[in-house]
Amino acid sequence: GAVVSQHPSWVICKSGTSVKIECRSLDFQATTMFWYRQFPKQSLMLMATSNEGSKATYEQGVEKDKFLINHASLTLSTLTVTSAHPEDSSFYICSARAASGRVDEQFFGPGTRLTVL
Amino acid sequence: AQSVTQLGSHVSVSEGALVLLRCNYSSSVPPYLFWYVQYPNQGLQLLLKYTSAATLVKGINGFEAEFKKSETSFHLTKPSAHMSDAAEYFCAVMRISAGNKLTFGGGTRVLVKP
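Residues numbered from 1 in each chain as written. Chains lettered and ligands numbered in written order. Predicted model: local features only at pLDDT ≥ 70, side-chain atom pairs only at ≥ 80, totals over all residues. Heavy atoms only, no water.

Q: Quick question: what am I supposed to make of the sheet that holds strand E7 (residues 67–73) of chain A here?
A: The strands making up a sheet are joined through hydrogen bonds of the backbone, oriented either antiparallel or parallel. Residue and element names in this part refer to chain A. Read from one edge of the open sheet, 4 strands run E1-E3-E8-E7, paired in antiparallel fashion. Every other strand in the sheet has two partners, leaving strand E1 (4–7) and E7 as the edge strands with one partner each. Going from strand to strand, the sheet's axes swing by 15° on average, the running direction of each strand aside. When strand E3 (residues 19–25) meets strand E8 (residues 76–81), the two strands line up antiparallel, connected through 6 bridges. Note that in E8 the partner of Ile21 across the bridge is Leu79. (Pairing = 2+ DSSP bridges. Helix = DSSP H or I, 4+ residues; strand = E, 2+ residues; numbered from the N terminus. Axes fitted to C-alpha atoms, helices over the stretch in contact; angles between N-to-C directions.)

Rendered as structure tokens:
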């Protein structure tokens with residue numbers, strides 16, 4: 001139980017294009033999903049918190065117009081990197097908290113590696 | 001504000017030897033503490049967590065960690081390293097009153113030598 005998937009697992013795109021990454025909770029309902037980015041050989045940095053049916057809350061320094069987050073259902077959140085540039089190349093990881101779960105439990109997806117040429 | 005410091009970005013151990021990964025935290029209120037493991041190109045897997053119950057926490061794969069409030073530490077140990085323990089390990093802190101967000105340490109990469 002408590003499986004989180006991400007799609008795609010990797011993506012290569014040209015500079016200036018937009019890329020959408022999906023995060024799904026497969027066997028539970030997630031009221032809250034978190035989006036992280038991880039640069040090579042570095043730690044995870046929280047980008048934003050999304051709650052189902054409401055606007056995402058972005059961390060300081062994260063451009064909300066560049067990283068669009070939608071959490072339209074209890075099992076799906078999407079991160080869209082708009083007008084991607086090479087500096088956006090990173091490993092993006094989502095996590096989900098179950099609606100009926102403990103507040104300290106987050107289940108992580110396998111990550112999406114984005115490479116912008 | 002809360003922060004996590006992991007001493008040593010790389011640790012090399014021999015197979016069968018003790019694994020010790022250090023983590024110190026700062027938090028204005030008692031936090032929840034976590035250790036996660038990440039294998040290459042994968043997400044994070046929870047090893048164990050401290051949530052204000054027993055200070056010695058046992059996790060999966062033979063790992064355990066001890067919460068020491070006086071030292072603001074939460075070091076991770078495993079008595080005998082296995083080749084499959086080679087991975088990146090992250091210590092994290094969560095302050096329940098602050099949106100239940102995780103703040104991660106810089107990570108420690110473990111190399112296991114045969």
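Q: What's the story with the nonpolar core in this structure? I'm lost.
A: Here is a general trend for soluble globular proteins: nonpolar side chains tend to be buried in one another's company. B:Leu21, B:Trp35, B:Leu47, B:Leu48, B:Phe74, B:Leu76 and B:Tyr89 are the most contacted members of the largest nonpolar core, which totals 26 residues. For this core, the secondary structure elements donating two or more residues are strand E2 (10–14), strand E3 (19–26), strand E4 (32–38), strand E5 (44–50), strand E7 (64–68), strand E8 (73–78), strand E9 (87–94) and strand E11 (108–113) of chain B. Residues in contact with B:Tyr89, not counting those within four places in the same chain, are B:Gln6, B:Leu21, B:Trp35, B:Tyr36, B:Val37, B:Leu47, B:Phe63, B:Leu76, B:Gly107, B:Thr108 and B:Val110. With 24 residues, the next largest nonpolar core counts A:Phe28, A:Met33, A:Ala56 and A:Ile69 among its residues. (Core = buried A, V, L, I, M, F, W, Y, C linked by side-chain atoms within 4.5 Å. Buried < 20%, exposed > 50% of the residue type's maximum accessible area, 1.4 Å probe, protein only. Contact = heavy atoms within 4.5 Å.)

Q: Just checking my understanding: could you explain the sheet that holds E7(B) for this structure?
A: All names here are of chain B. Spatially, 5 strands are ordered E1-E3-E8-E7-E6 in an open sheet, and the strand pairing comes out antiparallel. Every other strand in the sheet has two partners, leaving strand E1 (3–7) and strand E6 (56–58) as the edge strands with one partner each. Each adjacent strand pair in this sheet contributes to an overall mean axis angle of 20°, direction not counted. Note that E7 and E8 share 5 bridges and pair antiparallel. From the neighbouring strand, Phe67 faces E8, where its bridge partner is Phe74.

Q: I would appreciate a short explanation of the state of the cysteines in the present structure.
A: In protein chemistry, a disulfide is the covalent bond that joins the sulfur atoms of two cysteines. Inspection of every chain in the model, using the stated rule, returns 2 disulfides over all chains. A sulfur-sulfur separation of 2.0 Å characterises the disulfide bridge that pairs A:Cys23 with A:Cys94. Around the S-S axis, the bridge from A:Cys23 to A:Cys94 shows a dihedral of about 80° and counts as right-handed. Taken together, the residues span a long stretch of sequence, with A:Cys23 in strand E3 and A:Cys94 in strand E9 (residues 90–98) at a distance of 71 residues. Note on accessibility: A:Cys23 and A:Cys94 belong to one class, buried. Here B:Cys23 engages in a disulfide with B:Cys91; their sulfurs sit 2.0 Å apart. (Disulfide = S-S within 2.5 Å.)

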